[in-house]
Every structure is written in structure tokens, then in C-alpha cells.
Amino acid sequence: MTWADFYLICFAVGFTFSVLSFLMGGHRWHLPFHFHLHGGGPVVHGGAHAHGHGHTNVPVINPVTIAAFLAWFGGMGYLLTRYSGMAFVAALGMSLFAGLVAAAIVFLFVARVLTSEEEHLDPADFDMVGVLGRVSIPIREGGTGELIYSQAGTRRVCGARTENGSSVPKGAEVVVKRYEKGIAYVQLWSELAGEEHAEQEENRA
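Counting starts from 1 at the beginning of each chain's written sequence and moves along it residue by residue. Local features are withheld for residues below a pLDDT of 70 in this predicted model, meaning they are given only at 70 or higher, and side-chain atom pairs are given and counted only at 80 or more; totals for whole chains, interfaces and linings count all residues. Side-chain calculation: all heavy atoms of the structure are included, whereas hydrogens and water are not.

A. Representation of the packing of helix H1 (residues 3-23) against helix H2 (residues 63-83) within the structure. Simply put, an axis is a line fit to the C-alpha atoms, just over the touching stretch for a helix, and the angle between two N-to-C directions goes from 0 to 180 degrees. By definition, any uninterrupted DSSP run of H or I lasting at least four residues is a helix, any uninterrupted run of E lasting at least two residues is a strand, and each is numbered from the N terminus. Running from N to C, H1 and H2 cross one another at 145°; their axes reach a closest spacing of 7 Å. Read as a crossing pair, H1 and H2 show a hand that is left-handed. Together, Ala4, Phe6, Tyr7, Leu8, Cys10, Phe11, Val13, Gly14, Phe15, Phe17, Ser18 and Ser21 of H1 and Pro63, Val64, Ala67, Ala68, Leu70, Ala71, Phe73, Gly74, Gly75, Gly77, Tyr78 and Thr81 of H2 make up the contact between the two elements. In this classification, the charged set is Asp, Glu, Lys and Arg, the nonpolar set is Ala, Val, Leu, Ile, Met, Phe, Trp, Tyr, Cys and Pro, and all remaining amino acids, among them Gly, are polar. Per-class residue counts for the contact of H1 with H2 are 17 nonpolar, 7 polar and no charged. If you view the pair so one helix is near and one far, a crossing is left-handed when the near helix is turned anticlockwise from the far one by less than a right angle, and right-handed when it is turned clockwise. Whether two residues touch is decided by their heavy atoms; if any such pair falls within 4.5 Å, the residues are in contact.

Written as C-alpha cells, this is what we have:
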């Protein structure tokens, strides 16, 4: 095997992994939910998840930066070895430098993206109790439906059941009373408003 072959293999491995990582969302390891289209708009699927404030723990050496290093190291090394009269040591040094620069750029980009997404999140914004939403899939008696709601400026969906096991039709407005294991336990907004009105009347009396 020649050095040109070695560089070409490094480039092929790094480039292939970079493409796969991009297609599979490899730079979003920390996101426990996924996106889909619901009712004509983007919706985050999966309940309430609040991240801590401040910094992200992104390792400098990770699969994405390794792939970037291999792709640029291999690509630069192959071109210099094959199409220039540069000495071996000089070509190797320039290839290493190109790979390190590419890995550093990718690392800074990933760290910046993750930090910008997490640093402004307030856990209070992700408290499900008291959230007002609308039933998008009917809740059958004793069964599970689907709730669509807005939180932190994003439309979201999650599974929904009623506290007393009753049914709720599609389109009904409900309030989340508690949230456990990805399921929101809800009560009809009209019922809750009626209870509050009754309490107010009792207090006045």
C-alpha cells in the first residue's frame, strides 16, 4: 500500500462517516425528541425536557470531529502526494494541519449550536402542569389520545389521558393536571373553569 492509497482510505472513511452523521443528525446527540409535521406545522414530539443552564459538555474528540479530521487529512494528503512534488514530511505535516483545522472548526460549530440552544432554557418554561392544549387524537374511555400544545414558542405533542379515565373528543381544550412518563393527564378546561367558578361562589357565600 502506498501513502496515496492510505490517504485515500482515510478520506473515504472520514467523508462517508461525515455524510452519515449529518443525515442521521449526529450533531444533535442531546436531543431526546424528534420532529415531524403535524397540522401543517413543525411539531416537537416527546414531552417536556429542560436542559441545564450554561455550558454543554461536548468532548473535543468525538465521532464528528474525528470524521472531519480523517476527511481533510486524507484528502489533502492524497492531493499533495499524487499531484505535487512536495517532500513526504512536508506533505504529511500539511495534511495533519488541514485535518486539525477542519476538526477544530467542526468542534466550534457543534459547541456553539448546542450552547445557543441550551443556555437560554428556563426549566419553568417546560413545566407541564397547567399547560393548556387541544386534543388532536380523541381520548377513548380508559385509553390514550394525543395532546397538542405550545411551549417555549414551539408546537409540541404528547400522549394524553384523563385523570378519571373518561373520554375526550378531538378538538376539546384541556389542561394538564400532571405529567408522568411521557403521558399528560388532563382535565377538560370547561370542567376546570366550572370548578373554579363554584369555589369562588362558595367563598363569596
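From this point, the narrative continues.
B. Examining H2 more closely. Between its first and last C-alpha, H2 extends 30 Å over 21 residues, near the 30 Å set by a 1.5 Å rise per residue. Taken together, the buried positions of H2 are occupied by Val64, Thr65, Ala67, Ala68, Ala71, Phe73, Gly74, Gly75, Gly77, Tyr78 and Leu80. Pairs of N or O atoms within 3.5 Å make up the polar contacts considered here, provided that, within protein, one atom can donate a hydrogen while the other can accept it, and that residues adjacent in sequence are counted only when both atoms are side-chain atoms. Where H2 starts, the residue carrying a side-chain oxygen 3.0 Å from the main-chain nitrogen of Val64 turns out to be Asn62. Any helix carries an expected span of 1.5 Å times its number of residues minus one. With a 1.4 Å probe rolled over the protein chains alone, any residue whose accessible area is under 20% of its type maximum counts as buried; one over 50% counts as exposed, and the rest are partly exposed.

C. Here's a closer look at the pattern of salt bridges. Note on definitions: salt bridges are taken to be side-chain nitrogens of Lys or Arg within 4 Å of carboxyl oxygens of Asp or Glu. Under the counting rule described, the total for this entry stands at 3 salt bridges. Put simply, Glu173 and Arg134 hold a salt bridge, and the shortest N to O gap is 3.2 Å. Linking Glu173 in strand S6 (residues 173-180) with Arg134 in strand S3 (residues 132-137), this pair joins segments that are 39 residues apart in sequence. You can call Glu173 partly exposed: its relative accessible area is 35%. As a salt-bridge pair, Glu163 and Arg178 come within 3.0 Å of each other at their nearest N and O atoms. You can see Glu163 sitting in the loop between strand S5 (154-162) and S6 and its partner Arg178 sitting in strand S6, a full 15 residues away along the chain. Given the relative accessible area of 39%, Glu163 is considered partly exposed.

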